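# A structural walkthrough
Chain residues, written in single-letter form:
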Amino acid sequence: FPVTIRASFVLLVLLVLFNLLNYVFQISMANLLGAIEFGIFATLMSIIYVLGILSETIQTVSSRYTSKFVAENNLGKIKDIFYRGLRKGFFLGTALFLIFIVISIFLSSYLNISITLLILTGVCLFPFLWFLLGEEFYKERKSSVLLDLV
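None of the values given here were measured: they were computed from a predicted structure. (Residues numbered from 1 in each chain as written. Predicted model: local features only at pLDDT ≥ 70, side-chain atom pairs only at ≥ 80, totals over all residues. Heavy atoms only, no water.)

Our next topic: the overall build of the protein chain. For the protein chain, the helix and strand inventory stands at 7 helices and 0 strands. Tracing the protein chain from N to C terminus, the helices and strands come up as α-α-α-α-α-α-α. Taking all 150 residues of the protein chain together, the buried fraction comes to 21%. For the protein chain, the share of sequence-separated contacts (at least 6 apart) that also reach a separation of at least 24 residues comes to 68%. Accessible surface, the protein chain: about 10,500 Å² in total, of which carbon and sulfur atoms supply 73%. (Helix = DSSP H or I, 4+ residues; strand = E, 2+ residues; numbered from the N terminus. Buried < 20%, exposed > 50% of the residue type's maximum accessible area, 1.4 Å probe, protein only. Contact = heavy atoms within 4.5 Å. Areas by Shrake-Rupley, 256 points an atom, 1.4 Å probe, with all protein chains shown as cover.)

This is how it looks when you write it as structure tokens:
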């Protein structure tokens, strides 16, 4: 089989496995939590999903340019993208986290959810913006798909 078909098959299997584990997790949480707690959990997960779009977009763009520079054997530009991305991502992540905290004050009263839970959601979400991971980072750790699935 060509490499692209094998890679696509591996990706398909891992995505199916990930979605299956996510389904089991959701069913487990629905059984373990009461109706109100599961509603809060679902709301927090929705916030993570929506705000995670920015992180995924940045990862996709940085992976695109990293792949391009790997094909051109221009490793200096990859290092430049990585360090510039870290620097900009740190400031962007910090600014977005502070904005999220301010918005969380209003959201907590509107959604009737503890401000602590909303801030913990932000703590879990925004560090991913600080590390704009590209293909080289994944190759060094041999865990590209598994790290992205976590």
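On we go from here.
To continue, consider the nonpolar core. Formed by L44, I47, F100, I113 and L118, the largest nonpolar core amounts to 5 residues. If we skip the residues at most four places from it in the chain, I47 touches F100, L118 and T121. (Core = buried A, V, L, I, M, F, W, Y, C linked by side-chain atoms within 4.5 Å.)

If you check which residues of helix 4 (residues 115–125) are buried, you get L118, T121, G122 and L125. Along the axis of helix 4, the buried positions cluster into a sector of 100°, meaning they face one direction only. The residue sitting at the N-terminus of helix 4 and contributing the capping side-chain oxygen is S114; that oxygen lies 3.2 Å from the backbone nitrogen of T116. (Arc of directions from axis to C-beta. Polar contact = N/O pair within 3.5 Å; in protein donor to acceptor, adjacent residues only side chain to side chain.)

It is generally the case that most residues other than glycine have a negative phi and that most peptide bonds are trans. A positive phi angle, close to 60°, is found at N112, a residue other than glycine. One can find N112 in the loop between helix 3 (75–111) and helix 4. N112 gets classed as exposed once you look at its relative accessible area, which sits at 66%.

Further remarks concern the pattern of salt bridges. Enumeration according to the criterion identifies 1 salt bridge in this entry. A salt bridge links D80 to R84; the shortest N-O distance between them is 3.1 Å. Remark: R84 and D80 occur in helix 3; sequence separation between them is 4 residues, near one turn of the helix. Its relative accessible area of 39% is what places R84 among the partly exposed residues. (Salt bridge = Lys/Arg side-chain N within 4 Å of Asp/Glu carboxyl O.)

Bringing a nonpolar patch on the surface into the picture now. On the surface, a cluster of nonpolar side chains totalling about 580 Å² of accessible area is made up of L17, L20, L21, Y23, V24 and I27. In this structure, Y23 sits in helix 1 (residues 3–32). You can call Y23 exposed: its relative accessible area is 54%. (Patch = residues over 30% accessible without salt bridge, like charges linked within 9 Å, V, L, I, M, F, W, Y side chains within 5 Å.)

Look at helix 1 against helix 2 (residues 35–71): their axes get within 10 Å of each other, and the N-to-C directions meet at 150°. The residues of helix 2 that touch helix 1, namely those facing N22, F25, Q26, M29 and A30, are F38, F41 and Y49. Within the contact of helix 1 with helix 2, the residues separate by chemical class into 6 nonpolar, 2 polar and no charged. (Axes fitted to C-alpha atoms, helices over the stretch in contact; angles between N-to-C directions. Nonpolar A, V, L, I, M, F, W, Y, C, P; charged D, E, K, R; others polar.)

Fair warning: the whole summary comes from geometry, so function is off the table for now.
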